[in-house]
Amino acid sequence: MSVAKKDYKRITTKSLIEMKSNGEKISMLTAYDFTMAKIVDSAGIDIILVGDSASNVMAGHETTLPITLDQMIYHASSVVRAIDRALVVVDLPFGSYQSDPKEALRSSIRIMKESGSHAVKLEGGQEIKDSIKKILNAGIPVMGHLGLTPQSIYKFGSYTVRAKEEEEAEKLLEDATMLEKIGCFALVLEKIPAHLAAKVAKSISIPVIGIGAGGDVDGQVLVIHDMLGMNNEFSPRFLRRYLNLYEEMTSAIGQYVKDVKSRDFPNSNEQY
């Protein structure tokens, strides 16, 4: 059943709660630079995530762990300058919040003040509850993240589906309820069984955004480089490629090289 879409001039945390209440799905994509963010925002996306996935797609690291707080602020600042409508959420990078709630608050304040973004996102549940509460008490909106948490990849040992067993699924449900209770405005669920994600979405009032978590959640998020086909080496089941920019870009660049070598570019109409 189609749902009437409200025209939001600016997306806020309140807008997202309304969208869930009204049954309107929430769209979310990553962006890491001004040009891409401007395109994504102009296309009508609801949330732009400045993800620590920049560590992978922008810097070429194997994991998200190496990216620093300064680098995240740089990417977030570039994105914020581009947007007119979307809510901008920034990942707190590994090491900037896990050890000490005061450090978590300092990191969050730096992101908000230096980038102008609208919210931060943290990975984890009960184990980082005190850090989240500290950030929320300072008036900074927090998005949670449960399921596969890439910053803990060496603990998990692989990127396989999480919470398939009853004990882990029960803990995830408890953590989701806790995140809502302490004041998070939304929650990302990554790579968990679809039936569990649906159960979480129904059991809490805040929006649940899925990535590899099925269609019965309140919205979806993908990495922009993956959904545009710029990255041709990553093909998980949950990914739908809307373009194949890897092939199109390599073809275009190859043609440019040929035109320069053959002296076809620039022609007489392309010079002063």
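Before reading on, note that the structure itself is shown above.
Throughout what follows, the structure given in this document is the object of discussion. Computed from a predicted structure; not experimentally measured.

### With respect to the pattern of salt bridges
Logical step 1: This model, assessed by the stated rule, comprises 10 salt bridges.
Logical step 2: Asp218 is paired through a salt bridge with Lys20; the nearest N and O atoms lie 2.9 Å apart. Note that Asp218 is positioned in the loop between β7 (208-211) and β8 (219-222) and Lys20 in helix α1 (residues 13-22), a separation of 198 residues in sequence. Residue Asp218 shares its accessibility class with Lys20, and that shared class is buried.

### Some points on the packing of helix α8 (residues 166-182) against helix α9 (residues 194-203)
Logical step 1: Following both chains from N to C, one finds α8 and α9 inclined at 25°, their axes separated by 10 Å at the closest point. Relative to α9, α8 is oriented roughly parallel. The chirality of how α8 crosses α9 is right-handed. In this structure, α8 uses Ala169, Leu172, Leu173, Ala176 and Glu180 to contact α9, whose residues at the interface are Leu196, Lys199, Val200 and Ser203.
Logical step 2: Considered class by class, the residues forming the contact of α8 with α9 number six nonpolar, one polar and two charged.

### Side note on the sheet that holds strand β6 (residues 186-190)
Logical step 1: Around the barrel, eight strands lie side by side as β1-β2-β3-β4-β5-β6-β7-β8; this closed barrel has parallel pairing. In this sheet, neighbouring strand axes are inclined to one another by 25° on average, regardless of whether the strands run parallel or antiparallel.
Logical step 2: Sheet analysis places strand β3 (residues 87-91) next to strand β4 (residues 119-121), joined by three bridges and oriented parallel. Bridge pairing links Asp91 to Lys121 in β4.

### So, the packing of aromatic side chains
Logical step 1: Using the criterion set out here, one finds two aromatic pairs in the structure.
Logical step 2: Each ring, one from Phe234 and one from Phe238, has its centre 6.4 Å from the other, and the planes form 70°; the classification is edge-to-face.

### Structural notes on the packing of helix α6 (residues 129-137) against α8
Logical step 1: Interaxial distance between α6 and α8 falls to 10 Å at its minimum, and their mutual angle equals 20°. The angle between the axes of α6 and α8 places the two elements in the roughly parallel class. Crossing geometry of α6 relative to α8 is assigned as right-handed. Contacts between α6 and α8 involve Lys129, Ile132, Lys133 and Leu136 on the former and, on the latter, Met178, Leu179 and Ile182.
Logical step 2: Across the contact of α6 with α8, the residue classes tally to five nonpolar, no polar and two charged.

### Points about a negative patch on the surface
Logical step 1: Together, Glu166, Glu167, Glu170 and Glu174 line one region of the surface with negative charge.
Logical step 2: Looking at the secondary structure, you find Glu174 in helix α8.

### What about the pairing of β3?
Logical step 1: Counting buried residues in β3 gives five out of five residues, a clear majority hidden from the surface.
Logical step 2: Because side chains alternate across β3, one face comprises the buried residues Leu87, Val89 and Asp91, and the other comprises Val88 and Val90, equally buried.

### Describing the nonpolar core
Soluble, globular proteins show a tendency: their nonpolar side chains are buried together.
Logical step 1: Among the nonpolar cores identified, the biggest contains 81 residues, and Ile48, Leu122, Leu187, Leu189 and Val200 are the most heavily contacted of them.
Logical step 2: When near neighbours in sequence (up to four residues on either side) are disregarded, Ile48 contacts Leu29, Ala31, Ala37, Val40, Asp41, Val79, Ile83, Ala86, Leu87, Val88 and Val89.

### Overview of the side chain of Ser131
Logical step 1: By secondary structure assignment, the location of Ser131 is in helix α6.
Logical step 2: A distance of 3.1 Å separates a polar side-chain atom of Ser131 from the backbone oxygen of Tyr97.

### Some remarks on the environment of Gln220
Logical step 1: Structurally, Gln220 is set in strand β8.
Logical step 2: For the pair Gln220 and Lys25, spaced 195 residues apart in the sequence, the C-alpha separation amounts to 7.9 Å.
Logical step 3: When sequence neighbours within four positions are dropped, the list of residues in contact with Gln220 reads Ile26, Ser27, Met28, Ile209, Gly210, Ile211, Gly214 and Gly215.

### Points about α8
Logical step 1: With 17 residues, α8 should reach 24 Å at 1.5 Å per residue; the first-to-last C-alpha distance of 24 Å fits that figure.
Logical step 2: Listed as buried for α8 are Ala169, Leu172, Leu173, Asp175, Ala176, Met178 and Leu179.
Logical step 3: Where α8 is buried, its residues contact α6, β5 (142-147), β6 and α9.

### Some points on helix α5 (residues 101-115)
Logical step 1: For α5, spanning 15 residues, the distance from its first C-alpha to its last is 21 Å, which sits close to the expected 21 Å at 1.5 Å a residue.
Logical step 2: Regarding α5, the residues found buried are Ala104, Leu105, Ser107, Ser108, Ile111 and Ser115. Buried residues in α5, looked at end-on, bunch into an arc of 165°, giving them a common side. Exposed and oriented more than 90 degrees from the buried face of α5 are Lys102 and Lys113.
Logical step 3: Buried residues belonging to α5 abut α4 (69-80), β3, β4 and α6.
Logical step 4: By the N-cap criterion, in which a side-chain oxygen at the helix start approaches the backbone nitrogen of a residue two or three places on, α5 is capped by Asp100, the distance to Lys102 being 3.1 Å.

The rules we used
Residues numbered from 1 in each chain as written. Predicted model: local features only at pLDDT ≥ 70, side-chain atom pairs only at ≥ 80, totals over all residues. Heavy atoms only, no water. Salt bridge = Lys/Arg side-chain N within 4 Å of Asp/Glu carboxyl O. Helix = DSSP H or I, 4+ residues; strand = E, 2+ residues; numbered from the N terminus. Buried < 20%, exposed > 50% of the residue type's maximum accessible area, 1.4 Å probe, protein only. Axes fitted to C-alpha atoms, helices over the stretch in contact; angles between N-to-C directions. Parallel < 35°, antiparallel > 145°, perpendicular 65-115°, else oblique. Left-handed = near helix turned anticlockwise from the far one by under 90°. Contact = heavy atoms within 4.5 Å. Nonpolar A, V, L, I, M, F, W, Y, C, P; charged D, E, K, R; others polar. Pairing = 2+ DSSP bridges. Phe/Tyr/Trp six-rings, centres within 6.5 Å; stacked < 30°, edge-to-face > 60°. Patch = residues over 30% accessible without salt bridge, like charges linked within 9 Å, V, L, I, M, F, W, Y side chains within 5 Å. Areas by Shrake-Rupley, 256 points an atom, 1.4 Å probe, with all protein chains shown as cover. Lys, Arg positive; Asp, Glu negative; His and termini not counted. Charge placed at Lys NZ, Arg CZ, Asp CG, Glu CD. Core = buried A, V, L, I, M, F, W, Y, C linked by side-chain atoms within 4.5 Å. Polar contact = N/O pair within 3.5 Å; in protein donor to acceptor, adjacent residues only side chain to side chain. Expected span 1.5 Å × (residues − 1). Arc of directions from axis to C-beta.

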